[in-house]
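Understanding the architecture of this molecule
These are the residues of each chain, in order.
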Amino acid sequence: MSDLSCRISNVDKAFGENRVLRKLSLDLPAGRVTALMGANGAGKSTLVKILSGVHASDHGSITLLDRPFAPATPSQAIRAGVVTVHQNINDGVIPDLDVASNLLVDRLAERGYGFMLNRRRMIRDAREIAAGMDLDIDVRTPVAELGVADRQLIAIARAMAHAPKLLILDEPTSSLSAAEAERLFQLIEKLQAQGVAILYISHRMSDIRRIADRVVSMRDGEICGVFEGPDIDYEGAVDAMLGHRMTEVDFTIPPPGAPIVSLQDVRLKSGSATFSLDLCENEIVVVTGLLGAGKTALAQALFGMAPVYDGTVTLDSDRYAPRSPNEAVGSGVFLSPKDRASNAVIQDFNLARNMTAPFLDRYGRLSFVDRRQERRTARAMIGDLAIVCQGEVDGIGTLSGGNQQKVMLARWLSQPSRLLILDEPFQGVDIGARRDIGHKIRATAGERATLVLVSELDEAFEIADRIVVFHDHTAIAEFRNENIDMNAVLAAVTGSATNADRRAA
Amino acid sequence: MEATPDQPAGKAAPLAESKRGSRGLLLDVAIRYGFLCLLLGMIVFFSAFASGFAGPRSAVFIFQSVAITGILALGVTCTLVVGGFDLSIGSVATSAMMLSAYMMVILEQSAVVTILACLAMGAFIGLVNGLLIVKTKVPDLLATLGMMFLLLGLQRIPTEGRSIAAGMTLPDGSTAQGTFSPFFLSMGRHRFDFVLENLVPVSVVFLIVIGILVWVFLELTRHGRLMYAIGSNERAAGLIGTNVTRYKIMAYMISGTLASVGGLLLAARLGRGDIASGTNLLLDAVAAALIGFAVLGAAKPNAFGTAMGALFVGILLQGLTMMNAPYYTQDFIKGFVLVIALVFTFSLSARRAGSHL
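Fair warning: this is a prediction, and the values are worked out from it, not measured in the lab. (Residues numbered from 1 in each chain as written. Chains lettered and ligands numbered in written order. Predicted model: local features only at pLDDT ≥ 70, side-chain atom pairs only at ≥ 80, totals over all residues. Heavy atoms only, no water.)

This next bit is on the overall build of chain B. Summing up its helical and strand segments, chain B has 13 helices and 2 strands in all. For chain B, the C-alpha radius of gyration of 22 Å lies close to 21 Å, the compact-globule estimate for 357 residues. Considered along the principal axes of its C-alpha atoms, chain B spans approximately 80 × 55 × 35 Å. The long-range share in chain B, meaning contacts at least 24 apart out of those at least 6 apart in sequence, stands at 75%. One finds the centroid of the 23 positive side-chain charges in chain B at a distance of 9 Å from the centroid of its 16 negative side-chain charges. (Helix = DSSP H or I, 4+ residues; strand = E, 2+ residues; numbered from the N terminus. Rg over C-alpha atoms; globule rule 2.2 N^0.38 Å. Contact = heavy atoms within 4.5 Å. Lys, Arg positive; Asp, Glu negative; His and termini not counted. Charge placed at Lys NZ, Arg CZ, Asp CG, Glu CD.)

Okay, here's the thing in structure tokens:
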């Protein structure tokens, strides 16, 4: 089981004068899960792109099962046996087609498939593939009707149809709930048993602990540590990736101030149970729960995107029922949404303009934007949040994911707020940037109430004063983040606690 | 707006895009100034080889030839900014032309009433376009294409398909009593003294004033900024509290109103409601707006670029005409320029954007 599947030796890659990979060497053994860790910009994606045939390496060689491997196009890489499932799930599936067509679409693209479609044969073949992967989906369902997790599994199942030697998974769990991620892990273990080498790229320590046989740290285009054996030194791997020791997050919970936002007997949708929740000044409340537990519905209600079904919400003791995000922002309730690429980043704008976009009425007068003032604010925020960039007029697209996320945070920190809602603020962010963001949220929390929505418990423990667990669109448990019983939180999140226990909690 | 890598802020320069090589710099300059250099080169070329090209009269003629399409193009630019498209501008303009003739010749209204009615019609059509697009979710191209057909038909109904001129015979056999008011006609025919006597036509003044207004609105005000935000990422713009619906409708209303201004100028120049004129307006205006993407490497709709795009086509056609190029080659040349400009915009700036990780 420990034959070598893929050997990467002395690979160099530069874009212009920027050396992204420096003499990188890495072995990927068959039947093992190699986790690759690295900060944003360490060169992980470039390595993946070379392996998957998007870029060619400048120097060095790659062998796959002792044969030279230098794919010129993605389809060559796939045919040679290297299959990549990208972070952006929608790149992996075609939503308008049904599951069967998605599973077989690569075959359709091959020469010699024939001109006409044989629908019955397609469905039979697709069922075979699905059964082989323990996928329990009707193959005639359009992919558009499926959730993120199923789409991900379909993308992987499709990849498996090529009988790969090396499977690359780039942040596969970033949009999955814990239970869905577990399905994925079981699938990975199955592939592992079949002797597939797996390169698993993730920022999530819990994933890596769960699934990795060996951990490889990468920094500045080089491998700076390989950790394997029965006891993997995870902390060492993180230190190697960052280049310095990671300090433990350590804070004392400050005394919360007066309630700013109060939800009383609120029902988020018809048929769900009511709950009450106070969000206080100088307090960071984390709401966590599975995907679909109602976290987003809560954020949408507070940000004026959908009214609460029932119950009252007050802001500074006044009735609060915003009818649009515009009204919410006007009353000092800000929301930094999840999935920044589709919901937050304005790709055509530079960094400064991205930051000031919600508050243009506060820059200049008579609708004219005072650009000097705008850039001054942006420069101050760049310094404040240690955003790595050339200057405030950089295009937002030139920044790494972690820095883009910091810009999105800077957008909402640049003006004082009464309630700041951060939906998945650590999505696609490396651990260094994650700590920076966490520190900044805590440092600025004094004057406002802060509500953070995360599905990853590690992140919740790192940032919260108080953790509220959501299930079925209602709050079912609440914990103060001190000497916390992780298992109790986990039980509440997965809904394994009984109803009676929840009420008591 | 400068993209030179100066003043590194934050901890360190990022890995990607730390330095640009001289080739990258050259590409940058080519993208930014290529089109304006081409424009300048063309002027020099025609000045040298086409006698009579260089001179204020010829310059004004060029301006006049692009004034109406330029105004329409500025309107369509506003809809492009919010990520939409307005295919109805040409027929809005011809409808405004027919309406103004109908108002004055048949209904015998004054110039002021006529102008107000035409502007109101343009704004109303824009409103309907906008509502179709944001409320009923009809895709922009289809909604405005539908509107285009509707208006092309509608403008022919009152006169049973005939052009409108003073003294025409009406469907009931009587003769139209109204005439175009002199004030109205002066919009198309009066020339202001500027350096030379009777040099600058009113339509050129309209173009310049509207061009500056649209530029100021899009570039300097927060409304323009938010419209660009909507065009770039509509969801994100909505989630920062922008009233996306209102801005989109406003863009179509601006487009409709400017198109009716173009129609009024056309009517004033022709002195009649000519059913056959204005067929080229839509394509010329769209071409100008799209050529504008290439100006200064903007790679997005912008008022200055649109004006330059309109001017570019005008100069090219005027120069070629003076060098005795046959009229029937005009559309080919316009199309060719448009394709080159689009290649400029999309392939070169895509390469620039692709230079980072």
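Counting secondary structure elements, chain A contains 18 helices and 20 strands. Its C-alpha atoms give chain A a radius of gyration of 24 Å, near enough to 23 Å, the size a compact globule of 505 residues would have. Its C-alpha atoms give chain A principal-axis dimensions of roughly 70 × 55 × 50 Å. A buried classification covers 56% of the 505 residues belonging to chain A. Considering only residue pairs separated by 6 or more positions, chain A has 67% of its internal contacts joining residues 24 or more positions apart. When the accessible surface of chain A is totalled, it reaches about 21,400 Å², and 48% of it is carbon and sulfur. (Buried < 20%, exposed > 50% of the residue type's maximum accessible area, 1.4 Å probe, protein only. Areas by Shrake-Rupley, 256 points an atom, 1.4 Å probe, with all protein chains shown as cover.)

Next up on the list: the packing of helix 2 (residues 56–81) of chain B against helix 10 (residues 244–270) of chain B. Residues and elements named next belong to chain B. Between helix 2 and helix 10, the shortest axis-to-axis distance is 7 Å and the interhelical angle comes to 165°. By the angle between their directions, the pair helix 2 and helix 10 is classed as roughly antiparallel. Considering how the two elements wind past one another, helix 2 and helix 10 form a crossing that is left-handed. Along the contact surface, helix 2 presents Gln64, Ile68, Ile71, Leu72, Leu74, Gly75, Val76, Cys78 and Thr79, while helix 10 presents Ala251, Tyr252, Ile254, Ser255, Leu258, Ala259, Val261, Gly262, Leu265, Leu266 and Arg269. Class assignment for the residues of the contact of helix 2 with helix 10 results in 14 nonpolar, 5 polar and 1 charged. (Axes fitted to C-alpha atoms, helices over the stretch in contact; angles between N-to-C directions. Parallel < 35°, antiparallel > 145°, perpendicular 65-115°, else oblique. Left-handed = near helix turned anticlockwise from the far one by under 90°. Nonpolar A, V, L, I, M, F, W, Y, C, P; charged D, E, K, R; others polar.)

With that settled, the discussion passes to a nonpolar patch on the surface. Residue and element names in this part refer to chain B. On the surface, a nonpolar cluster with roughly 540 Å² of combined accessible area is contributed by Leu25, Val29, Tyr33, Trp215, Leu296 and Phe304. Counting residues per element, the nonpolar patch draws most heavily on helix 1 (residues 22–49), at 3 residues. Its location among the elements puts Trp215 in helix 7 (residues 202–220). (Patch = residues over 30% accessible without salt bridge, like charges linked within 9 Å, V, L, I, M, F, W, Y side chains within 5 Å. Salt bridge = Lys/Arg side-chain N within 4 Å of Asp/Glu carboxyl O.)

Below, the discussion takes up the confidence of the model for chain A. On average, residues of chain A score 81 in pLDDT, and 92% of them reach the 70 mark or higher. The low-confidence segment residues 497–505 of chain A (pLDDT under 50) makes 6 contacts with residues lying over four places distant or belonging to another chain. (pLDDT = per-residue confidence, 0-100.)

One key point about sheets: their strands pair by backbone hydrogen bonds, in either a parallel or an antiparallel sense. Residues and elements named next belong to chain A. In space, the 4 strands of this open sheet follow the order 12-11-14-15, with antiparallel pairing throughout. Strands at the two margins of the open sheet, each flanked by one partner only, are strand 12 (275–280) and strand 15 (318–319). This element, helix 9 (residues 295–302), spans strand 11 (259–267), strand 12 and strand 14 (310–315) of the sheet and lies at about 120° to strand 11. (Pairing = 2+ DSSP bridges.)

Let us now look at the environment of Ala50 of chain B. You can see Ala50 of chain B is positioned in the loop between helix 1 and helix 2. For the pair formed by Ala50 of chain B and Val112 of chain B, sequence separation is 62 residues and the distance between their alpha carbons is 42 Å.

Our focus in this paragraph is the sheet that holds strand 18 (residues 449–454) of chain A. Residue and element names in this part refer to chain A. Within the open sheet, the 6 strands sit side by side as 16-17-18-13-19-20. Their pairing is mixed. Strands with a single pairing partner mark the edges of an open sheet, and in this sheet they are strand 16 (333–336) and strand 20 (474–480). Averaged over all neighbouring strand pairs, the angle between strand axes comes to 20°, with direction disregarded. In the sheet, strand 17 (residues 419–423) pairs with strand 18 via 5 bridges, with the strands oriented parallel. Counted as the bridge partner of Asp423 is Leu453 from strand 18. On top of the sheet, helix 9 reaches strand 13 (283–288), strand 16, strand 17, strand 18 and strand 19 (466–471); it is set at about 145° to strand 18, its chief contact.

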